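Residues per chain, in single letters:
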Amino acid sequence: MEIAVCVKRVPMVGGKIVVTADGQDVDTRMSGFTVSPHEECAVEEAVRLVERHGGSVTVLTLGPPAAADQLRDMLSLGASRAVLLETDGREWGPIATAEAIVAQVTGAATDPAASPDPALPGPAVCPDPALPDPAASPAPALSDPAASPEPALPYDLLLFGNEAADTGDYQVPVRVAHALGLPCVTGIKNLEVTDAGARAKREYRGTEEVFDIPLPAVVSVKEGINLPRYPSLPGRLRAKRATIETRAPQWRADGLTKTGLRVPAGESKRAEILGNGADAVPALVALLDELGILS
Amino acid sequence: MSTMSDTPNRASAVIIGAGIVGNSLAYHLARLGWRELVLVDKGPMPNPGGSTGHASNFIFPIEYSKMMMELTADSTEQYEELGVFTQSGGIEVARTEARMQELRRRCTQAKAWQIPAQMISPAEVAKLVPYLDESVILGGAHFPTVGVVDSLRAGTLMRESAMQLGALTVLAGAEVLGIDTDDAGRVSAVRTTKGDIETSVCAICCGVWAPRIARMAGARIPLTPIVHQMISVGPIPLFADTPGEISYPIVRDVDTNMYERQHGGDMEVGSYAHRPIIVAPDDIPSIEEAALSPTEMPFTQDDFDPQLMQALELMPDLLGDERVGIRYAINGLISMTPDGHPLIGETPEVPGLWSVAASWIKEGPGIGRAAAEWMSGGAPEIDIHEADISRFYGHQRTTAHVIARAREGFNKMYGIVHPAEQWESGRPVRLSPVYDRERDLGAVFIETAGWERPNWYASNDVLLERYAGRLMERGAEWESRWWSPIINAEHLAMRDACGLVDLSAFAVFDIVGPGALAAVQSVAVAQLDVRVGRVIYTSLLDERGGFRGDLTIMRLGPQRFRVVTGGATGMMDVKWFADHLSEGGPGGGQAVIADQTSAWTTLGLWGPRARDVLSSVTPADMSHDGFKFGTCREIELGGVTVLASRISYVGELGWELYAPIEEGRRVWDTVWEAGQPHGLVPVGIGVYGTTGRLEKGYRAYGAELDGSYDLVEAGMTRPKVKEQEFLGKDAYLAQRSSPPCALLCTLTVDDHRSASGQLRYMLGGEPILTAAGEALVDAKGRPSYVTSAGSGPSVGKHLLMAYLPAEHAVEGNRLAVEYLGEQYPVTVAVAGSAPLFDPENDRVRS
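Predicted, not measured: the structure shown is a model, and the values here were computed from it.

S.K.: Is there a simple way to explain the environment of B:R220 in this structure?
M.R.: All names here are of chain B. You can see R220 is positioned in the loop between α6 (210–217) and β14 (224–234). A sequence separation of 128 residues divides R220 from P348, and the C-alpha atoms of the two residues are 8.9 Å apart. Contacts of R220, omitting those with residues within four sequence positions, involve A214, E349, I389, G394, R397 and T398.

S.K.: Looking at this structure, I do not really get unusual backbone geometry. What am I missing?
M.R.: That bond from A:L215 to A:P216 is cis: its omega, 5°, falls within 30 degrees of zero. Tracing the sequence through the fold places A:P216 in the loop between β10 (207–213) and β11 (217–221). The phi dihedral of B:E36 falls on the positive side, at around 60°, and the residue is not glycine. Within the secondary structure, B:E36 is located in the loop between α1 (20–31) and β2 (37–41).

S.K.: Explain the pattern of salt bridges here, please?
M.R.: Where charged atoms from two side chains of opposite charge approach closely, those side chains can pair. Applying the stated criterion across every chain, the model contains 69 salt bridges over all chains. Note that B:E36 and B:R10 form a salt bridge whose closest N and O atoms lie 3.4 Å from each other. In this pair, B:E36 is assigned in the loop between α1 and β2 and B:R10 in the segment before β1 (13–16), connecting sequence segments 26 residues apart. A residue is classified by how much of its surface remains accessible, and B:R10, at 41% relative accessible area, is partly exposed. Across the pair B:D778 and B:R782 runs a salt bridge whose closest N-O atoms are separated by 2.8 Å. Of the two residues examined, B:D778 and B:R782, each falls in the buried class. A single network of salt bridges, built from pairs that share partners, joins A:D73, A:R236, A:K240, B:D302 and B:D305.

S.K.: Quick question: what am I supposed to make of the side chain of B:S522 here?
M.R.: All names here are of chain B. Tracing the sequence through the fold places S522 in helix α15 (residues 516–523). A relative accessible area of 11% means that S522 is categorised as buried. Engagement of the side chain of S522 in a polar contact is seen with the backbone oxygen of A519, the distance being 2.7 Å. Discounting chain neighbours no more than four positions away, the residues touching S522 are H580, P586, E725, F726 and L727.

S.K.: Can you walk me through the environment of A:A67 in this structure?
M.R.: With respect to the helices, strands and loops of the structure, A:A67 is situated in the loop between β4 (56–63) and α2 (68–75). As a C-alpha pair, A:A67 and A:G89 span 22 residues in sequence and 9.8 Å in three-dimensional space.

S.K.: Would you explain the interface of chain A and chain B in this entry?
M.R.: The extent of an interface is frequently quoted as the accessible surface area lost upon association of the parts. Taken together, the contact pairs 22 residues of chain A with 24 residues of chain B. The contact between chain A and chain B buries some 2,000 Å² in all, and 63% of this surface belongs to carbon and sulfur atoms. For the interface between chain A and chain B, the tally reads six salt bridges. Linking A:R238 and B:E322 is a salt bridge whose minimum nitrogen-to-oxygen distance equals 2.9 Å. Linking chain A with chain B are seven residue pairs in polar contact (both at pLDDT 80 or more). Only α2 and α5 (233–241) of chain A provide two or more residues apiece to the side of chain A that touches chain B. Top element by residues in the side of chain A that touches chain B is α5(A). It accounts for seven residues.

S.K.: Is there a simple way to think about the confidence of the model for chain B in this case?
M.R.: Interpretation of the predicted coordinates at a detailed level should be avoided for regions scoring low in pLDDT. Confidence in the prediction of chain B, expressed as mean pLDDT, is 96, and 99% of residues score 70 or more. Across the predicted assembly, pTM comes out at 0.92 and ipTM at 0.84.

S.K.: Is there a simple way to think about the packing of aromatic side chains in this case?
M.R.: Remark: the centre distance and the inter-plane angle together describe each pair of aromatic rings, the angle taken between the planes. Residue and element names in this part refer to chain B. In total, this model carries 21 aromatic pairs over all chains according to the counting rule given. Relative to Y698, the ring of Y649 has its centre 5.8 Å away and its plane inclined at 20°; by these criteria the two rings are stacked. Of this pair, Y649 sits in the loop between β32 (640–645) and β33 (654–660) while Y698 sits in the loop between α19 (685–696) and α20 (729–736), and the two are 49 residues apart along the sequence. A residue is classified by how much of its surface remains accessible, and Y649, at 23% relative accessible area, is partly exposed. By the ring-pair criterion, three or more aromatic residues cluster together here, those being F58, F60, F143, Y259, Y272, F410 and Y414.

S.K.: What should I look at first to understand the pairing of strand β23 (residues 451–457) of chain B in this one?
M.R.: Every other side chain in a regular strand lies on the same face of the sheet, so the side chains alternate between the two faces. All names here are of chain B. Within β23, seven of the seven residues are buried, which leaves it mostly tucked inside the rest of the structure. As paired elements, strand β22 (residues 443–448) and β23 share six bridges and run antiparallel to each other. Note on β23: the bridge partner recorded for I446 is R453. Count of turn residues in the β22/β23 antiparallel hairpin: two residues, of which A449 carries a positive phi of about 55°.

S.K.: How should the pairing of β33(B) be read in this particular structure?
M.R.: All names here are of chain B. With seven of seven residues buried, β33 lies mostly within the body of the structure. Two elements, strand β30 (residues 600–606) and β33, share seven bridges in a ladder whose sense is antiparallel. What sits directly across from L603, in β33, is L657. For β32 and β33, the ladder comprises three bridges, and the chain directions are antiparallel. In the sheet register, L643 faces β33, and the bridge partner there is Y658.

S.K.: What is the right way to look at the sheet that holds strand β37 (residues 786–792) of chain B in this model?
M.R.: Strands belonging to one sheet form pairs held by backbone hydrogen bonds; the direction of such a pair is parallel or antiparallel. All names here are of chain B. One open sheet accounts for six strands, arranged β36-β39-β40-β35-β38-β37; its pairing is antiparallel. The open sheet is flanked by β36 (768–770) and β37, the only strands paired with a single partner. Ignoring strand direction, the axes of neighbouring strands in this sheet form an average angle of 40°. Two elements, β37 and strand β38 (residues 797–805), share six bridges in a ladder whose sense is antiparallel. Bridge pairing in β38 places V786 opposite A802. Against the sheet, α19 makes contact with β37 and β38, and its axis sits at roughly 100° relative to β37, the strand it touches most.

Criteria and cut-off values
Residues numbered from 1 in each chain as written. Chains lettered and ligands numbered in written order. Predicted model: local features only at pLDDT ≥ 70, side-chain atom pairs only at ≥ 80, totals over all residues. Heavy atoms only, no water. Helix = DSSP H or I, 4+ residues; strand = E, 2+ residues; numbered from the N terminus. Contact = heavy atoms within 4.5 Å. Salt bridge = Lys/Arg side-chain N within 4 Å of Asp/Glu carboxyl O. Buried < 20%, exposed > 50% of the residue type's maximum accessible area, 1.4 Å probe, protein only. Polar contact = N/O pair within 3.5 Å; in protein donor to acceptor, adjacent residues only side chain to side chain. Buried area = accessible area lost by both parts, 1.4 Å probe. pLDDT = per-residue confidence, 0-100. Phe/Tyr/Trp six-rings, centres within 6.5 Å; stacked < 30°, edge-to-face > 60°. Pairing = 2+ DSSP bridges. Axes fitted to C-alpha atoms, helices over the stretch in contact; angles between N-to-C directions.

Structure representation (structure tokens):
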């Protein structure tokens, strides 16, 4: 099966987040970058699925040139193709992001740097034969659904993280599904491929919801669906040598415009020591009672 | 569990930083009787987030530096006593022939320090480390006593031990905001986020943050944080069933600047191969900002990728297993100093403010102990003068210098570093007034204390023909580095006619005032109450009677003494004297010290024709009776007033000439002109520092003379000891009262021929063995090793100095020296300090 996973490059922060002097961005001078945690689990899930059922995983990101690092990290987990929708570092809103993703996965990209670099031959990086040549087929007009049939989608599954760790819009998977006319389930903690398509499960208020969906479909997953593997040394070296296909989608204004970032006044966390050893028991019992745990 | 303490109002000492060093310092101070100690760290116990927290924690005992070797040995003992040391063995592997020679050199050095070591074949390496691909290596050096430690646990045990003695309060989560000083400039308080603590002693043990903290008090600690990458890879199937933390030897893949060590189920792979990545102390993240800890910074993948390939090459199956993942990867922060040695001692700028910084795990406990001993008013048992923070000159304390040298030194961490290796970055800085003249004469410069000094002069190659056959040429590449037969030609030409030497790198300082005599008298072994115009050569001792310095002092006036010492120790000597001028000291606060290094330039003129040359340019009486040996006076020389001092470190007739620095070039030109008809040649440090003095048996501080030996053993006693008190007198008198268990000797090499027929020349540090190849160890447990080595062109022999156990210190005794893994026969030529060349000192006193 062919799976595309969308990931985002986000700052890897500690407990305290620092905002730049102009109040516009997170200060990343002292932090590294990583793939958003839900998404890393999405890639791991995709790799496990193709290990079980065959096929390949394409990982895709919309981000600055440095986001190639995150793509290589995901290649080293077992994805075999990587596509960078390169931005100038400016932030993209969820509407424009979804549009760019749709254009990419349907092969309908109309940007000037359209022709993909051929991927290097090798065991872990295979060119995607299912992807139509953008020069061969006309780009369908996404804004006019009546004008043409649904665009060709070379993937059985489009996976996303439930929300990006930094912006947390929760929208991109839903917008992509809507544009492609695909079923969409979010917040998934368990995913299996079945004869009829896929079975996705999630938790909701103490109960488990089960969805049986046909493929192709859009699924957004949550951290905890699996424990992502660590890259092996050979995996890392293969990823380093792999070619990343690059496109340059056009930025456009989105529904929301960021005016700035503000770190809320800290609620200082307090740890209260209830006591030492057996002396702590009365206070502990009172606390458990207060929490409603004691019957 | 850390004690939630109220902040004490005052402390006997505040220790900043609870890593391995701070914990060790607290423990040793407590052990030495200190109470009311306070240990402060902005992080939590037991791992406040400094370099100790992510250290790779292994200890290789082998070092070229005696100090580092001793600190490592002491630390290992302490770790063993604490029950946190696990022996694993360690192997340095070679991928190149050059490295094979270096491993042989290391094994030979290990022998000199009595550290177990053997060269082993690739097959033998593979037997010990089955996952290593032996086809990648040419061989290895096996050090069986290598081990790993739990440094966090060690620190915790030491800290708790001090607390159990009731000596220590620990303030975790307290960030230092400032260090106050009183009107006298002495530490008076440490201010923290948990309150202020009055104290007159503060020790900065916080590694990468040290420069920041020191700045709060107006002091400089010259280190820089620098990145050292490491990853941890696992789970390794082979390690799944091994007990404990480590079962396989640690591998140092030195040609790739990497190491691999087992850590439980993982393999930790570290690298010193990447580009040097400097992080300014102010850019270290706070605990809240850091994803892991402040010194575990985000990993920069690209910098490590070449190392992944090299590690895979060496351990293909183990590390190439697809099931084995990179589970941890950091750009770890460690401290680096300009010369690679730690920074210990009271800061020169702020009395009461101590630096105990830039330590590896493998020296941590030892450094804590040495610092505690020093802070308690005594000399540390281990001679740590190479780590003395007061050693730096102004330019060496600059951030630019620190960073440039750290960058240069980083990739040499596992490099093949020649004993005479020169730094390149940041040069030139200190230029003598005759630098231009030297350069025009083809000087090949080396650097000492920032000064550019001619090692030899290329223009002297015309002498090679004259002295052909006596040059003791070196065919092997290793000992020819930073050396030239021209050195030996200059030496012979100086002894035949005369040589002109630029000694501007000397540190010169005056001690002036009514208390000056008392002050110098109290630290010098020699009698200083002498006539004005006398030049005294004297040792300085510590209270145990070990060497602390070796220099000359000129009495220029009833209340003025001029101290002249080598550039390398100049700043330390200044501090030593300054500390003895204080109010409560022998000088009674009645003397001041004035650094004159940048006011005077020093030239030396020595050789049989020296008097002829000088007489032609000065009206002064330079005759033997008119200007006696060991005296100094002002003379007119070519229109300049020059202080001439008749002493000689090369063992020839001649003078040191001190001129105001701006007039130094004129003096050089005057003497140069006058010297041409007499065969004057320019002479470099190759002669002044080595060949001249070895032939005369003159000792050098830092080589023969250090804290572990005394005057009796060094063969430097005088008939009488002065009646005045001086530091080390009691110990010295006790030493004189019985025969020494070791004696400093000069040995000659009888046969230089190696097994392959090449002539080899030792460079220093090699072990002296019995003729049968067995170790020589004296009654105090000190092994014999070469303290200095070099050509003796006038005696036609390669000369070695070494302390020998008393029973072996007999002239004519036949022994052996091991060099690069092979043994060569040597003979004791002199037992004691009698000169080999001109034993009656006729030349000097002519």
